[in-house]
Amino acid sequence: MAAPQNTDRKAPNILVTGTPGVGKSTLCSKLSELTGLTWLDISKIAKDHDCLEGFDETYQCSYLDEDKLLDGLEDTMSKGGNIVDYHSNEFFPERWFDAVFVVRSDNTTLYDRLTSRGYTGKKLEDNVQCEIFQTILEEAKSSYREEIVHEMYSRTPEELEENVRNICGWLEGWFRDKGE
Ligand code: DAT
């Protein structure tokens, strides 16, 4: 994995992104428990802090007020030590992150997970297609330096454990390079 970036932060910020259902929350929850980094579930924060506007009938969800959300998170992010969890990534400031982890799945696994979450019709199809076309990975690669973007599959409990180990290893490297 790429060497950590030079930063004034006392602890790194990482971004965990990927299509809905690939396993971001599951990974972030474990990581936060093990490392003490703060898990920022952006969907929940947006809802709790009134950063949603309008409503998309097709996808049955609200639009995100990105400016309001970003302004509200600036102080927290500048201190470091956060795990940001969101299904999109291009609108976050590039300077916020020391590493970007794109969680991936295969279409059968994702289809089953989203179906059991109650997704149907166009919402289900579009999300599965999003994964097939690796849209979120491409978005991350075009928004962040390619050497800080890491792709990881999380289809099984074993892959989840491996991802947790790899990210914890990356974190140790970050602190070692920082000399703390
Ligand atoms: P996301 O936060 O990306 O929407 P999630 O963490 O809520 O996804 O996971 C969706 C479902 O998949 C949930 O029921 C837990 C399960 N899951 C996640 N990662 C897994 C893994 N590596 N192995 C098996 N099941 C997993």
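This text goes with the structure placed above it.
This text gives an overview of the structure that appears in the document. (Residues numbered from 1 in each chain as written. Predicted model: local features only at pLDDT ≥ 70, side-chain atom pairs only at ≥ 80, totals over all residues. Heavy atoms only, no water.)

## A few points about the pattern of salt bridges
Stated precisely, the cut-off is as follows: Basic side-chain nitrogens of Lys or Arg form a salt bridge, by our definition, when they fall within 4 Å of a carboxyl oxygen of Asp or Glu. Each helix is a run of H or I in the DSSP string that is no shorter than four residues. Each strand is a run of E no shorter than two, and both are numbered from the N terminus. A simple rule labels every residue: compare its accessible area, found with a 1.4 Å probe on the protein chains alone, to the largest value its type can have, and call it buried under 20%, exposed over 50%, or partly exposed in between.
The full count for this structure, using the stated rule, is nine salt bridges. Taking the shortest distance from any N to any O, the salt bridge between Arg104 and Glu131 comes out at 2.6 Å. Of this pair, Arg104 sits in strand E6 (residues 99–104) while Glu131 sits in helix H5 (residues 121–132), placing them 27 residues apart in sequence. On the basis of relative accessibility, which here comes to 4%, the residue Arg104 falls in the buried class. Judged by relative accessible area, which is 3%, Glu131 ranks as buried. Glu147 is the salt-bridge partner of Arg145, the closest N and O atoms lying 2.6 Å from each other. On the basis of relative accessible area, Arg145 is assigned to the partly exposed category, the value being 31%. Ionic contacts of the salt-bridge type, sharing partners, join the residues Arg104, Glu131 and Glu151 into one network.

## Brief notes about unusual backbone geometry
Look at Asp50: it is not a glycine, yet its phi comes out positive at around 60°. Within the secondary structure layout, Asp50 lies in the loop between helix H2 (42–48) and strand E3 (52–56). In this structure, Gln134 takes a positive phi of about 40° despite not being glycine. Following the sequence through the fold, Gln134 ends up in the loop between H5 and helix H6 (135–143). Residue classification places Gln134 among the partly exposed positions, given a relative accessible area of 27%.

## Describing the site of the ligand
We count it as follows: Whether a residue is near a molecule or strand is decided by its heavy atoms; if any one of them lies within 4 Å of it, the residue is near. Definition of a polar contact: a pair of N or O atoms within 3.5 Å, with one able to donate and the other able to accept a hydrogen when the atoms are protein atoms, and with sequence-neighbouring residues admitted only if both atoms are side-chain atoms. Methods summary: accessible areas were calculated by the Shrake-Rupley approach with a probe of 1.4 Å, and residue burial reflects only the protein chains presented. Amino acids outside the nonpolar list (Ala, Val, Leu, Ile, Met, Phe, Trp, Tyr, Cys, Pro) and the charged list (Asp, Glu, Lys, Arg) are all regarded as polar, and Gly is one of them.
Close to the ligand lie 15 residues; Gly21, Lys24, Ser25, Thr26 and Arg117 are nearest. One of the side-chain N or O atoms of Arg113 is found 3.1 Å from an oxygen atom in the ligand. One of the backbone nitrogen or oxygen atoms of Pro157 is found 3.4 Å away from a nitrogen atom of the ligand. Across the complex, the protein chains shield 72% of the 550 Å² of accessible surface that the ligand would expose by itself. Elements with a contribution of two residues or more to the shell around the ligand: helix H1 (24–35) and helix H7 (157–178). Sort the elements by how many residues they give to the shell around the ligand and H1 lands first, with three residues. Its residues assigned to classes, the shell around the ligand shows four nonpolar, seven polar and four charged.

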